[in-house]
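Spelled out, the chains give:
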Amino acid sequence: MTDTSTDTGRSGSPVRPGHLVLVVQHEDGAGPGLVGERLRAAGLDLRVVHPWRGEALPASLDGWAGLLVLGGSANCEDDAAAPWLPRVRALVREAVEGEGRVPVLGICLGGQIMAHALGGRVVRRSRGPELGTVPLRRLPAAEDDPVLGAVPEGAPAAQWHWDEIGELPPGAVPLLAGDDCAHQAFRVGPRAWGVQFHPEVLADTVAFWASVDEPQVRGAGIDPDVVVGSVRDAEQRLRRVWGAVAAAWGAVVRDARVPVSAPPGEE
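Counting of residues starts from 1 at the beginning of each chain's written sequence and follows it residue by residue. The predicted nature of this model means local features are confined to residues of pLDDT at least 70 and side-chain atom pairs, given and counted, to a pLDDT of 80 or more, with totals for whole chains, interfaces and linings taken over all residues. Side-chain measures were taken over the full set of non-hydrogen atoms in the model, leaving aside hydrogen atoms and water.

## What about the overall build of the protein chain?
A tally of regular secondary structure across the protein chain gives 7 helices and 12 strands. Counting the 267 residues in the protein chain, one finds 55% classified as buried. In these tables, accessible area is a Shrake-Rupley quantity obtained with a 1.4 Å probe, and a residue counts as shielded only by the protein chains included in the view. A total accessible area of about 10,900 Å² is found for the protein chain, and carbon and sulfur atoms account for 50% of it. Every helix listed is a DSSP run of H or I at least four residues long, and every strand listed is a run of E at least two residues long, numbered separately from the N terminus. Three labels apply to residues, based on accessible area from a 1.4 Å probe with only protein chains included: buried if under 20% of the type maximum, exposed if over 50%, partly exposed otherwise in between.

In structure tokens form, the structure reads like this:
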């Protein structure tokens, strides 16, 4: 497959310890996209690891200022299909529970991994997949949230998931909900966010996914052209709302002041 979103590259600015973000990409065609674009614009340096290609994930988050875990088609518990998942779960737990409290953003599968790793539950959607653009509802705790606090009521979000978070981890704070999927965004502790939707994608990426998954989409009784059209129609708002959210998470990473040194090979 050809990746339709940017999944590699550097910010172009000198590497500064404390500004390095580890990005876990689970499959081709599912790169950091709009989120990565805004994080780089904020001066962060993204290092994308592709474990399905055999690239090794780091043993720890020493030297990393942020952890971004992207989406993918695997179930968050299917270690046979995706044998790197135990390491990702360990990195999430280290980020959230460790001494450094490294900021985390988990997107779709990444949010499900985060929920599962911290004691929540992920289930298969009995109602079929949630695809295309869906409006989200703000929950009370979103009001003061540093990342999602400015998301407007009814903001559209691009969806592409067959599984969903059935139960949030202990202590998680729900932030956004949808009419057909209750747990669309949550926070654990002061610096870890998980979202069920895809803030990183725009219409071209969804069109690529629709072409790859067309048999499953049509098998669920959904017209892939309608799905892609809903995202294309909302693209301007998607770019504005979720680009701002990505920038807000980037500000958390920059301001966290995690005491780190450069990861191996970066000095």
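## As for the sheet that holds strand E4 (residues 104–107)
Backbone-to-backbone hydrogen bonds pair the strands of a sheet. The strands run either parallel or antiparallel. Reading across the sheet, the 8 strands line up as E2-E1-E3-E4-E12-E11-E10-E7 and stay open at both edges, with mixed pairing between neighbours. Looking at which strands have only one partner, the edges of the open sheet turn out to be strand E2 (45–49) and strand E7 (137–138). Strand pairing is assigned whenever DSSP detects at least two bridges linking the two strands. With 2 bridges connecting them, E7 and strand E10 (residues 173–177) associate as antiparallel partners. Bridge pairing in E10 links Arg138 to Leu176. The contact criterion used is simple: two residues touch if any of their non-hydrogen atoms lie within 4.5 Å. Only C-alpha atoms enter the line fits that serve as axes; for helices the fit covers just the stretch in contact. Angles between N-to-C directions range over 0 to 180 degrees. Contacting E2, strand E3 (66–69) and E4, helix H1 (residues 33–41) crosses the sheet at an angle of about 145° to E2.

## Looking at helix H6 (residues 224–233)
Where H6 is concerned, the buried positions are Pro224, Val227, Val228 and Val231. For H6, the arc enclosing every buried residue in end-on projection is 90°, short of the 170-degree limit, so these residues lie on one face. In H6, the exposed positions that point more than 90 degrees away from the buried face belong to Asp225, Val226 and Asp233. In this fold, the buried residues of H6 make contact with strand E6 (130–135), strand E8 (156–161), helix H4 (203–212), helix H5 (214–219) and helix H7 (235–255). For H6, the N-terminal cap is Asp223; the gap from its side-chain oxygen to the backbone nitrogen of Asp225 is 2.9 Å. Directions pointing from the helix axis toward each C-beta atom define the arc. We define a polar contact as two N or O atoms separated by no more than 3.5 Å, with the added condition that, inside protein, one atom must be a possible hydrogen donor and the other a possible acceptor, whereas residues neighbouring each other in sequence contribute only through side-chain atom pairs.

## Let's talk about the layout of surface pockets
The gaps of empty space that remain are located by a probe, the size of a water molecule, rolled over the atoms. Put simply, the grid is 1 Å and covers the protein atoms alone, a cavity is a trapped set of points that fit a 1.4 Å probe, a pocket is an open set with protein on both sides within 12 Å along at least five of seven lines, and lining residues have an atom within 4 Å of a point. Grid points are joined across faces, edges and corners, and a volume is the space filled by probe spheres set on the points. There is about 460 Å³ of room inside the largest pocket. Lining the largest pocket are 22 residues, with Gly72, Ser73, Trp160, Trp162 and Asp213 positioned closest to its centre. Per-element tally for the lining of the largest pocket: the top contributor is H4, with 3 residues. In this count, Pro and Cys sit with the nonpolar residues alongside Ala, Val, Leu, Ile, Met, Phe, Trp and Tyr, while Asp, Glu, Lys and Arg are called charged and the others, Gly among them, polar. Among the residues making up the lining of the largest pocket, the classes are represented as 10 nonpolar, 7 polar and 5 charged.

## Thoughts on the nonpolar core
The definition of a nonpolar core used throughout is a set of buried Ala, Val, Leu, Ile, Met, Phe, Trp, Tyr and Cys residues joined through side-chain atoms within 4.5 Å. With 52 residues, the main nonpolar core has Leu68, Leu148, Trp160, Trp242 and Trp249 as its most contacted residues. Among the elements that make up this core, the one with the highest residue count is H7 (8 residues). With residues near it in sequence (within four places) discarded, Trp249 still touches Val21, Leu39, Gly66, Leu67, Leu68, Pro103, Val104, Leu105, Val147 and Trp193. In this structure, Leu61, Leu67, Met114 and Ile165 belong to the second largest nonpolar core, which totals 33 residues.

## Focus: empty space enclosed by the protein
Summed over all chains, the structure comprises 3 cavities of 30 Å³ or more. Of the pockets and cavities examined, the largest cavity occupies roughly 60 Å³. What lines the largest cavity is Val35, Leu105, Val147, Leu148, Trp193, Val195, Phe197, Pro199, Trp242, Val245 and Ala246. Of all the elements, H7 adds the most residues to the lining of the largest cavity, at 3 residues.

## Some remarks on the pattern of salt bridges
Each reported salt bridge corresponds to a side-chain nitrogen of Lys or Arg within 4 Å of a carboxyl oxygen of Asp or Glu. On inspection of all chains with the given rule, the structure shows 15 salt bridges. Salt-bridge contacts for Glu37 lead to Arg239; the nearest nitrogen and oxygen are separated by 3.3 Å. Placement of Glu37 in helix H1 and of Arg239 in helix H7 is noted, with a sequence separation of 202 residues between them. Accessibility expressed as a relative area gives 39% for Glu37, which makes it partly exposed. A single salt-bridge network, built from bridges that share partners, covers Arg125, Arg127, Glu164 and Asp180.

## Re the packing of H1 against H7
Contact geometry for H1 and H7: axes closest at 8 Å, N-to-C directions at 50°. Judged by the inter-axis angle, H1 sits oblique to H7. Considering how the two elements wind past one another, H1 and H7 form a crossing that is right-handed. Contact residues: Leu34, Val35, Glu37, Arg38 and Leu39 in H1; Leu238, Arg239, Trp242, Gly243, Ala244, Ala246, Ala247, Trp249 and Gly250 in H7. Under this scheme an angle from 65 to 115 degrees is roughly perpendicular, one under 35 degrees roughly parallel, and one over 145 degrees roughly antiparallel; angles in between are oblique. Whether a crossing is left-handed or right-handed is set by the direction in which the near helix is turned from the far one by less than a right angle, anticlockwise for left-handed and clockwise for right-handed.

## So, the packing of H4 against H6
Relative orientation of the contacting elements H4 and H6 amounts to 170°, with a least axis distance of 9 Å. On the basis of the axis angle, H4 is roughly antiparallel to H6. In this structure, H4 uses Ala203, Asp204, Val206, Ala207 and Ala210 to contact H6, whose residues at the interface are Pro224, Val227, Val228, Val231 and Arg232. Class assignment of the residues belonging to the contact of H4 with H6 gives a composition of 8 nonpolar, no polar and 2 charged.

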